[in-house]
Number of protein chains: 2
Amino acid sequence: MTAYNAPVRDIQFVLHDLLQISQQDLAGHADLDREFTQAVLEAAGKLASEVLAPLNIIGDQQGCKLENGIVRTPEGFKGAFDQMRDGGWTALDCDPEFGGQGMPKVIGCATGELFSAANVAFTMYQGLTHGAYSAIHTHGTDEQKAMYLPKMVSCEWTGTMNLTEPHAGTDLGLLRTRAEPQEDGSYLISGQKIFISAGDHDMSENIIHLVLAKAPGGGESTKGISLFIVPKFLVNADGSLGDRNSLSVGSLEHKMGIHGNSTCVMNYDGAKGWLLGDLHKGMRAMFTMMNEARLGVGLQGLAVADAAYQNAVAYACDRLQGRAITGAARPDAPADPLIVHPDIRRNLMDQKSFVEGARALIAWCAHLIDRSHLAGDAEAEALVSLLIPVVKGFLTDKGFDTAVQAQQVFGGHGYIEEHGMSQFVRDARITMIYEGANGVQALDLVGRKLAADGGKPMMAFFELVKGTIKAHEADEELRAGFLEPLKAASKDLQTATMYFVEQGMKNPNAALSGSYDFMHLFGHVAFGLVWTRMAAAARQALASGASDRDFYQSKIATGRYYMSRQLPATATHLARIRTGSEPVMALAEDQF
Amino acid sequence: MTAYNAPVRDIQFVLHDLLQISQQDLAGHADLDREFTQAVLEAAGKLASEVLAPLNIIGDQQGCKLENGIVRTPEGFKGAFDQMRDGGWTALDCDPEFGGQGMPKVIGCATGELFSAANVAFTMYQGLTHGAYSAIHTHGTDEQKAMYLPKMVSCEWTGTMNLTEPHAGTDLGLLRTRAEPQEDGSYLISGQKIFISAGDHDMSENIIHLVLAKAPGGGESTKGISLFIVPKFLVNADGSLGDRNSLSVGSLEHKMGIHGNSTCVMNYDGAKGWLLGDLHKGMRAMFTMMNEARLGVGLQGLAVADAAYQNAVAYACDRLQGRAITGAARPDAPADPLIVHPDIRRNLMDQKSFVEGARALIAWCAHLIDRSHLAGDAEAEALVSLLIPVVKGFLTDKGFDTAVQAQQVFGGHGYIEEHGMSQFVRDARITMIYEGANGVQALDLVGRKLAADGGKPMMAFFELVKGTIKAHEADEELRAGFLEPLKAASKDLQTATMYFVEQGMKNPNAALSGSYDFMHLFGHVAFGLVWTRMAAAARQALASGASDRDFYQSKIATGRYYMSRQLPATATHLARIRTGSEPVMALAEDQF
């Protein structure tokens, strides 16, 4: 049985020492002082630790069940969902016009981390709803917004995203689901969708499905795709629920993890749907939500990793096995705790320096989204668009690795399901796959984002790195431990970027052969940047006479670990990138 | 549903082109010509593909069940075990004096790979028996050998190893199981053991448990530990089965994977046992078997990775998604197969170059064990002792990574249990943990093996690398692609070795903080060495006019991939090692 404690102090550090959110010239941000966010985080943390976390292993063991066409969630999920809803947590970062509390994304991400860490399968029901809410909020008509949003903000109705079909995953151009226009302006939707998270369940009155389908006249490629609102129960003009729509759950998938979330095969048999956004522009509508959805998956990578890390630390401090090489640490005990062993420390420091770096990177990205939404900051939007595939790909790869490392601390006990460490690994695994598999993130980064707007966002990132180094170059303490490694790593990233710019046109295979390594190389440099900024912020706090010196010192030490022991990986990624396509593409298909 | 094809051609290459086993001056090796091993491998491959592989997912889904104190294995396991036994496969590399076929280890490993790849959980029943066989063969009295070995060679009786207790995993000094001497020379064994693989099942008449316990007079440390033979059914003087011994299965563990193998909590309640080997020298007896057992786990890492890889290749060739960036490869199809995409190639080449390198490394180690056993070659034994923790730790870490990468090729389908890719990941995960968790392997390598015999085995390894480079330096083709990268990587390993030699005594934490990275650094160099030798062997075959040029050319191309895209990781590992203990040990326990 695992436990979870909300890392409130660490999040406060990111919000206030690093990002200084209450000093930002953005709507509503002046209210977000330390006291306020402390209260929000403590309340969310209490719900996460006391209600959601105990249901995590129950969700894993019981899973969801399809009974007579209705999906039953695990014991306790419905009650917990009610608490989530009643506490106003689902409305936190939604538009006040539709009942939301209007908090910025950076706060929504902070509380979202706590809920996902405690129970990622459970939190997905709300997460998917928020995605559908955003789509309708951005692309819906006033009538659609009025009809759906208030109930989705409160999660009285939940939402889903229906993209994948059996033969069409990444390649949505292959979609076969059809939308047939009706005289009343609605459409009849027919086809089968798979891997539909939260596709059906027993925790809400209605489910609002957003479905990609091809309407006549758009051609066979992705250009022919439109997005439709297809509710489980039709909604009457007065907002009450009407007839059951012609859609059903074909089956539930048997998955490696996230058993508490119902992953459905959905059958649409001439179901009534309404166009959301423009006809044949469904892909564009999807893409506008992509940044937030992918940031959300990166957040899951961090969240599950932190939960796994916390349990690994507790076990390492508790489990007595062997003696410290430098002499018994607990001579009166039969053995020393695992944490005395350098290789266990190495493992835990890898985890800790990842988790805290990831939290800072996510928060920074959320803040950039806020800047874009609240202040129309186009540069912030361009930068976050560049960073998103890195956040999704790197954080979920490393989040999974972290869960595996946390499991390893438990030795044989980590392999036994009752300890819950296997669940973290199994749950984390999906984050590398859904919302665009990580190879697709790498392709998006190298094939689209890198060259966007003549490479300006990438240049802006390098300027940020340069500016950060310049701002602190007088600080002797930061120089060797942070600024120099950051400079070296950033140089590797620049070299790789130049390589792609040179190869891109004349040899696209060479660029794409290195895309995955580039995503990781970029991830390391982004971590180097946020760790340098965190160290600088911690030194600033110490210089200002902050009382919790121990906290700030451990922050700097953890950063130094990342800089000295993780950042050197950039050299290996660069070496791999520079081999180009020759070794990668050398074999014929039948030589594999 | 996964499929498995025995890689007979690749194994033949390793046995004959690389190791030239039939030309070795070792007992029985002259008979091991290409024709003979081809026949053996084809027969074993047929059993693996047609009988064992189809039971793999059945074993995962059904698991083992404890019914009225008896463990029931999944449907079909008993029949398959009979076929394994009747085919003589369990006796393959056993002593002819006890009914074995007397094949060398290198052949046992080759067939073992096929069985483990097809169904690792199933093959463990035999693997554990072989380990217990070896222990009795090495340490047993003539009477014990005569009583137990013939039935264990045939697997009419199977065997287990009982080490772990709830509070004692790596630290066996904490064992509480007691052995009370009786007047007739036997002992009464009392205590609880956990994680006992194949602890009970319904596929053999008897189970011979080897149990570590403390007998009076040996003190409380590991020095007081002895090894005992504790049969499930007592054996009468005429070899027939007598009374049930006082031992029972407490429960079955619910594991992340290898569901088809019964992992038992075993309770010994004054069970009758007989000392195996010397009193209070149980740990020494265990250690003599350690090399083979750990090689066997490294072999599992390779085997599961190969099975996963094969299925990933098949899916990548079959699944149509997207278009090649350089223009449609199958313009008449709705999309191109995944394998056209450079990032999918990168993924598959990572897998392929690992699997084939691992196979060569395992075979080389098995051959060194044969040299030691059959020719008393002390240098071979010292070298393989050095290599074993690398093989166990590196091959299982990378084997798991490979399974994860193979699963990734399937996208969302990889996360669905029916496709079987999740099972490979879950099954592979245990290999990093059991038979000494990989952190313990790293400790064994740096803390014990590196300095063994004044560092001579390590020097011998470097001499081998140097000799290999020297032997081929006239070969222009090998120089840039193989010899130079090998030289650079080997230099990193030498630098790291020197660092440990310097730090070892004065700062043991510095050495141990880098132990895990050293294990991986060493693993890469060992792969670099075997890949260079394989490339040289392939060039030799091509020069000699071999007919299957395509095979040999793809071998060289795969090696070049490893050398150019995996070997550069040595620089990162060296950088991590050189940071020493400061960043690793910087935090106090309560700062985690």
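Residues numbered from 1 in each chain as written. Chains lettered and ligands numbered in written order. Predicted model: local features only at pLDDT ≥ 70, side-chain atom pairs only at ≥ 80, totals over all residues. Heavy atoms only, no water.

An unreviewed UniProt entry lists chain A under the name 3-methylmercaptopropionyl-CoA dehydrogenase, with Paracoccus litorisediminis as the source organism. Under Sequence similarities (unreviewed entry), UniProt gives the following word-for-word description of chain A: "Belongs to the acyl-CoA dehydrogenase family." For the record of chain A, the UniProt heading Function (unreviewed entry) holds the text "Involved in the assimilation of dimethylsulphoniopropionate (DMSP), an important compound in the fixation of carbon in marine phytoplankton, by mediating the conversion of 3-(methylthio)propanoyl-CoA (MMPA-CoA) to 3-(methylthio)acryloyl-CoA (MTA-CoA)." (UniProt positions renumbered as here; feature names shortened; annotations may be inferred.)

Engineer: So, the overall build of chain A: which residues are in play, and what are the values?
Structural biologist: A tally of helices and strands in chain A yields 19 helices and eleven strands. Relative to a compact globule of 592 residues, whose C-alpha radius of gyration would be 25 Å, chain A shows 24 Å and is just as compact. Along the longest, intermediate and shortest principal axes, the C-alpha atoms of chain A span 80 × 60 × 60 Å. For chain A, the residues scored as buried account for 64% of the 592 residues in total. In chain A, of all internal contacts separated by at least 6 residues, the share reaching a separation of at least 24 is 74%. When the accessible surface of chain A is split by element, carbon and sulfur atoms take 51% of a total near 20,500 Å². Charge separation in chain A, taken as the distance between the mean sites of 51 positive and 68 negative side-chain charges, equals 5 Å. (Helix = DSSP H or I, 4+ residues; strand = E, 2+ residues; numbered from the N terminus. Rg over C-alpha atoms; globule rule 2.2 N^0.38 Å. Buried < 20%, exposed > 50% of the residue type's maximum accessible area, 1.4 Å probe, protein only. Contact = heavy atoms within 4.5 Å. Areas by Shrake-Rupley, 256 points an atom, 1.4 Å probe, with all protein chains shown as cover. Lys, Arg positive; Asp, Glu negative; His and termini not counted. Charge placed at Lys NZ, Arg CZ, Asp CG, Glu CD.)

Engineer: Describe the packing of aromatic side chains, and please don't skip the residues or the numbers.
Structural biologist: Scanning all chains against the criterion turns up 35 aromatic pairs over all chains. Both rings, one in A:F354 and one in A:F527, keep their centres 5.8 Å apart while their planes meet at 10°; by these two values the pair is stacked. Highlighted residues: A:F354 in helix 9 (residues 342-375) and A:F527 in helix 16 (residues 515-543), separated in sequence by 173 residues. Across the pair, exposure class does not vary: A:F354 and A:F527 are buried alike. Taking 6.2 Å as the distance between ring centres and 65° as the angle between the ring planes, the aromatic pair formed by B:F461 and B:F462 counts as edge-to-face. For B:F461, a relative accessible area of 0% puts it in the buried group. Grouping aromatic residues by their ring pairs yields a cluster made of A:F461, A:F462, A:Y499, A:F500, A:F518 and A:F522. A cation sits over an aromatic face here: A:R429 above A:F400, 5.7 Å from the ring centre. Above the face of the B:W364 ring, B:R533 is positioned so that its terminal group lies 5.9 Å from the ring centre. (Phe/Tyr/Trp six-rings, centres within 6.5 Å; stacked < 30°, edge-to-face > 60°. Lys NZ or Arg CZ within 6 Å of the ring centre and 35° of its normal.)

Engineer: Describe the relation of the copies chain A and chain B, naming the residues involved and giving the relevant values.
Structural biologist: Superposition of chain A onto chain B requires a rotation of 180° combined with a translation of 0.0 Å along the rotation axis, giving an RMSD of 0.0 Å. Each copy turns onto its partner about a two-fold axis. Among all residues of chain A, the one whose C-alpha sits closest to the rotation axis is A:T572, at a distance of 3.3 Å. Residue by residue, 100% of the interface of chain A is reproduced at the interface of chain B, so both copies engage with the same surface. (Least-squares fit on C-alpha atoms with pLDDT ≥ 70 in both.)

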